[in-house]
Amino acid sequence: MNIEVNFIAILFAGVAAMLVGFLWYSPLFFAKAWMQAMGHTDKSMKEMQKNNGKLYGISFIQALFTAFVLSHVMALSEAFYAYPSLLIGLTTAFWLWLGLIMPVQSTDVIFGGKPWKLFYINTGYQLVSVLAMGIVLGLF
């Protein structure tokens, strides 16, 4: 099976994931709760912000990889199901989150001694982010 890659859609999906992240971890939503769960202070956050450009760049590249893989799984799903592309995008994103992303993050909490509050914040972001990617890819 030859899978066409729409790099423009992947780019927009990566941007969508970053926008979700900027909002999710902003003071408007979960910034304070995330800082508390991570054990950060205002001082440690200012120190971390020195590397934000590099960290955001790496995060964006990872979002592009996720969008690329999601687009391929969606293409394979479309070959077997006669659903509209938007529905394929949403359902594929949800099942990939449920089967691959969420278990890895919960294992990190179970064995890494991290608080469940942090898991809920981070895995919630991952769910919304990958759903946003699925929507973008489904619309292209």
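The rules we used
Residues numbered from 1 in each chain as written. Predicted model: local features only at pLDDT ≥ 70, side-chain atom pairs only at ≥ 80, totals over all residues. Heavy atoms only, no water. Helix = DSSP H or I, 4+ residues; strand = E, 2+ residues; numbered from the N terminus. Buried < 20%, exposed > 50% of the residue type's maximum accessible area, 1.4 Å probe, protein only. Areas by Shrake-Rupley, 256 points an atom, 1.4 Å probe, with all protein chains shown as cover. pLDDT = per-residue confidence, 0-100. 1 Å grid on protein atoms, 1.4 Å probe; cavity = no way out; pocket = protein on both sides within 12 Å on 5 of 7 lines; lining within 4 Å. Points joined across faces, edges and corners; volume = space filled by probe spheres on them. Nonpolar A, V, L, I, M, F, W, Y, C, P; charged D, E, K, R; others polar. Core = buried A, V, L, I, M, F, W, Y, C linked by side-chain atoms within 4.5 Å. Contact = heavy atoms within 4.5 Å. Expected span 1.5 Å × (residues − 1). Polar contact = N/O pair within 3.5 Å; in protein donor to acceptor, adjacent residues only side chain to side chain. Axes fitted to C-alpha atoms, helices over the stretch in contact; angles between N-to-C directions. Parallel < 35°, antiparallel > 145°, perpendicular 65-115°, else oblique. Left-handed = near helix turned anticlockwise from the far one by under 90°.

1. Some words on the overall build of the protein chain
Move 1: Of the regular secondary structure elements, the protein chain holds six helices and zero strands.
Move 2: Each helix and strand of the protein chain, ordered N terminal to C terminal, gives the series α-α-α-α-α-α.
Move 3: When each of the 140 residues of the protein chain is scored for burial, the buried share is 33%.
Move 4: In the structure as shown, the protein chain presents an accessible area of about 8,900 Å², 69% of it carried by carbon and sulfur atoms.

2. Some details on the confidence of the model for the protein chain
Move 1: In this model, the protein chain carries an average pLDDT of 93, and 97% of its residues clear a pLDDT of 70 or more.
Move 2: Here helix H3 (residues 42-48) is the element of the protein chain with the lowest mean pLDDT, 82, and helix H1 (residues 7-24) is the one with the highest, 98.

3. Section: the layout of surface pockets
By rolling a water-sized probe across the atoms, one finds the places where empty space is left.
Move 1: Each pocket or cavity is described by its volume, and for the largest pocket that value is around 1,300 Å³.
Move 2: Looking at the largest pocket, it is lined by 39 residues, and the ones nearest its centre are Tyr 25, Trp 34, Ser 59, Asn 122 and Tyr 125.
Move 3: Those elements giving two or more residues to the lining of the largest pocket turn out to be H1, helix H2 (31-38), H3, helix H4 (52-80), helix H5 (85-112) and helix H6 (116-139).
Move 4: The residue inventory of the lining of the largest pocket, partitioned by class, reads 23 nonpolar, eleven polar and five charged.

4. Describing the nonpolar core
Move 1: Counting 27 residues, the largest nonpolar core has Ala 13, Trp 34, Leu 70, Met 133 and Leu 137 as the members making the most contacts within it.
Move 2: The set of elements that each furnish at least two residues to this core consists of H1, H2, H4, H5 and H6.
Move 3: Examining the composition of this core, we find that eight residues originate from one element, H6, more than from any other.
Move 4: Filtering out sequence-adjacent residues up to four positions away, Ala 13 remains in contact with Ala 67, Met 133, Val 136 and Leu 137.

5. A few points about the environment of Met 1
Move 1: Considering the arrangement of structural elements, one finds Met 1 in the segment before H1.
Move 2: Residue Met 1 is classed as exposed on the basis of its relative accessible area, which comes to 72%.
Move 3: Linking Met 1 and Ala 75, residues 74 residues apart in sequence, is a C-alpha distance of 9.7 Å.

6. Focus on H1
Move 1: With 18 residues, H1 should cover 26 Å at 1.5 Å per step; its first-to-last C-alpha distance of 25 Å lies within 8% of that length.
Move 2: When we look at burial in H1, the residues that qualify are Ala 9, Ile 10, Ala 13, Gly 14, Ala 16, Ala 17, Met 18, Val 20, Gly 21 and Trp 24.
Move 3: Put simply, Asn 6 is the residue that caps the front of H1, since its side-chain oxygen is 3.2 Å from the backbone nitrogen of Ile 8.

7. Comments concerning the packing of H2 against H6
Move 1: As a packed pair, H2 and H6 sit with axes 9 Å apart at the nearest point and diverge in direction by 135 degrees. It follows from the interaxial angle that H2 and H6 lie oblique. The two elements H2 and H6 cross, and the hand of that crossing is left-handed. Each of Ala 33, Trp 34, Gln 36, Ala 37 and Met 38 in H2 lies in contact with H6, whose residues at this interface are Lys 117, Leu 118, Ile 121 and Asn 122.
Move 2: Along the lines of polarity and charge, the residues of the contact of H2 with H6 split into six nonpolar, two polar and one charged.

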